[in-house]
Amino acid sequence: MGRIGFDIMCGISGFSLAYDSKINARKLAHALLCEIESRGNQASGVAWQSADASGVFKDAVRGSQLSLRGLPKRASSVILHTRYATHGATSVSANNHPVSSPDGNIALVHNGVIYNHELVRKQFGFKLPEVDTSVIPAILQKFGPERFDMLDGDAAVAWLDESDRGVLRVGRVSHSPLVIAQLFDGSFVFASTEVLLRNALKRVGLKPSFVEVAPEYRLYTVRFGRIDAVASLPETSDEFITPVDAYSYKKYRGMTAGGRSSGYWFDEPTSGVMSYSPVEDEIDEDFEQYLCRFIECDGIFYDYSGAPVGNVHVLREQFEDYRYNEYWATKAYGWSFVWLLV
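Keep in mind the model is a prediction, meaning the values are calculated, not measured.

Parameters at a glance
Residues numbered from 1 in each chain as written. Predicted model: local features only at pLDDT ≥ 70, side-chain atom pairs only at ≥ 80, totals over all residues. Heavy atoms only, no water. Helix = DSSP H or I, 4+ residues; strand = E, 2+ residues; numbered from the N terminus. Buried < 20%, exposed > 50% of the residue type's maximum accessible area, 1.4 Å probe, protein only. Contact = heavy atoms within 4.5 Å. Areas by Shrake-Rupley, 256 points an atom, 1.4 Å probe, with all protein chains shown as cover. pLDDT = per-residue confidence, 0-100. Pairing = 2+ DSSP bridges. Axes fitted to C-alpha atoms, helices over the stretch in contact; angles between N-to-C directions. 1 Å grid on protein atoms, 1.4 Å probe; cavity = no way out; pocket = protein on both sides within 12 Å on 5 of 7 lines; lining within 4 Å. Points joined across faces, edges and corners; volume = space filled by probe spheres on them. Nonpolar A, V, L, I, M, F, W, Y, C, P; charged D, E, K, R; others polar.

The next point concerns the overall build of the protein. Helix and strand content of the protein: 7 helices and 16 strands. The buried share among the 342 residues of the protein stands at 56%. Counted over contacts in the protein with a minimum sequence separation of 6, partners at least 24 positions apart contribute 69%. By element, 50% of the accessible surface of the protein is carried by carbon and sulfur atoms, the whole surface being about 14,700 Å².

In this model, the protein carries a mean pLDDT of 81, and residues with pLDDT of at least 70 account for 78%. Between the elements of the protein, mean pLDDT differs from a low of 52, seen in helix H5 (residues 246-255), to a high of 98, seen in strand S10 (residues 188-191). Long-range and interchain partners of residues 1-8, a stretch whose pLDDT sits below 50, account for 36 contacts in this model, where long-range means more than four residues apart. Counted against residues more than four places away or in other chains, residues 257-283, with its pLDDT under 50, gives 65 contacts.

Each turn of an α-helix holds 3.6 residues, which means side chains three or four residues apart point in the same direction. In terms of residue burial, helix H3 (residues 135-142) counts as a mostly covered element, since 6 of its 8 residues are buried. Residues Val135, Ile136, Pro137, Ala138, Ile139 and Leu140 constitute the buried set of H3. Summarising the contacts, the buried residues of H3 are in contact with strand S5 (99-100), strand S6 (106-114), helix H2 (117-121) and strand S7 (153-161). Looking one or two residues beyond H3, the residue adopting positive phi is glycine 144, at roughly 95 degrees.

The element strand S12 (residues 218-223) is largely enclosed, with a buried count of 5 among its 6 residues. Taken together, the 6 bridges between strand S8 (residues 167-174) and S12 define a ladder with antiparallel strand orientation. Counted as the bridge partner of glycine 171 is leucine 219 from S12. Of the strand pairs in this sheet, S12 and strand S13 (residues 226-232) are connected by 6 bridges, and their pairing is antiparallel. When the sheet's bridge partners are listed, tyrosine 220 is paired in S13 with valine 230. In this antiparallel pair of consecutive strands, S12 and S13, the connection spans 2 residues, and phenylalanine 224 shows a positive phi of 50 degrees.

Okay, unusual backbone geometry next. Residue proline 98 is reached from histidine 97 by a cis peptide bond, and omega for that bond is 0 degrees. Positive phi values are uncommon outside glycine, yet phenylalanine 224 reaches one of about 50 degrees. Judged by relative accessible area, which is 23%, phenylalanine 224 ranks as partly exposed. If you check the backbone angles, aspartate 298 has positive phi at about 55 degrees while not being a glycine. Given a relative accessible area of 76%, aspartate 298 falls into the exposed group.

The next subject is the sheet that holds S6. Spatially, 6 strands are ordered S5-S6-S7-S8-S12-S13 in an open sheet, and the strand pairing comes out antiparallel. The strands lining the two open edges of the sheet, one partner per strand, are S5 and S13. Where S5 meets S6, 2 bridges bridge the pair, whose relative direction is antiparallel. Within the sheet, the bridge partner assigned to valine 99 lies in S6 and is leucine 108. The strands touched by H3 are S5, S6 and S7; relative to S6, the strand with the most contacts, the crossing angle is about 130 degrees.

With a probe scaled to a water molecule rolled over the atoms, the places where space remains empty come into view. Counted under the stated rule, the structure contains 1 cavity of 30 Å³ or more. Estimated volume of the largest cavity: approximately 60 Å³. If you trace the largest cavity, you find it lined by Cys10, Arg83, Tyr84, Ala85, Thr86, His87, His97, His110, Gly112, Val131, Asp132 and Thr133. Class assignment of the residues belonging to the lining of the largest cavity gives a composition of 4 nonpolar, 6 polar and 2 charged.

A few words now on the environment of glycine 299. With respect to the helices and strands, the residue glycine 299 is situated in the loop between strand S14 (295-297) and strand S15 (300-302). Residue glycine 299 is classed as partly exposed on the basis of its relative accessible area of 32%. Counting along the chain gives 11 residues from glycine 299 to glycine 310, while the straight-line C-alpha distance between them is 8.5 Å. Each residue touching glycine 299, except ones within four places of it in the same chain, is listed here: Gly310, Asn311 and Val312.

Below, the structure is given as structure tokens:
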């Protein structure tokens, strides 16, 4: 059965460890890869930096199968990706993430789709890999993040730069989900969704001191676990907005995992970040109620029209998207909290 649902357009994650952290970077990276592979399993990769070395490696395998032997246990900054391909064959390494800048200094991971990547390519005098993501590190190399106004699409990104060793940058441009967390030892961790982040941390016996959903157009600069700076990212300039056929837009937008509620899209407010983080028992209880909306047969769930929806993992991710959108549609806008799932 093919992958189904709102939450399958790649997974990103990573971390920046505090100076005195005792966390094993290889074990944490593996735990994150195992969780985010539910968002894409056609390829996976990692980029890392330590005090005196760095590396990038990737392969056309699912995240849980990616070899991490080359990742030092004491790596301080790590970014990870599991791919659900939309542009560019996974058999071509340059199309898989982390995607490099033309000069090789920047390694970047991306969840989402850049709809105008063909237009952006024309801004450069060099050929880029086929994958739509390739325009993002090219923009960073030539212009910096202040020219993210060239991007028309959905994007949550993270990157490491050889010219700024020890610094992790994580940003949510538009729509694609991004969750950040701080650990009790001062380390910083991020992932596409909260449930994946919490599950990964549980695998290695860690708990976050807080978890927040990043607002759109927000960039975090993190150094050894500490958020040193938070900056705004620009929205798309009119000259770079390109027409997208309705079918492709709806297809990719749904897959990117923004989620829908009652047939409407809800955009998160950008004035602050969400601090609501229900305890796991509350989440599980609500999820059990959500499952009652479907009929299960041999591990596959169907809606009441008989259409297959997916297995429990797909439904769990879909539920998380609905939960966050319902939070913003009620809590953030002053409505009483009511489940509106239909």
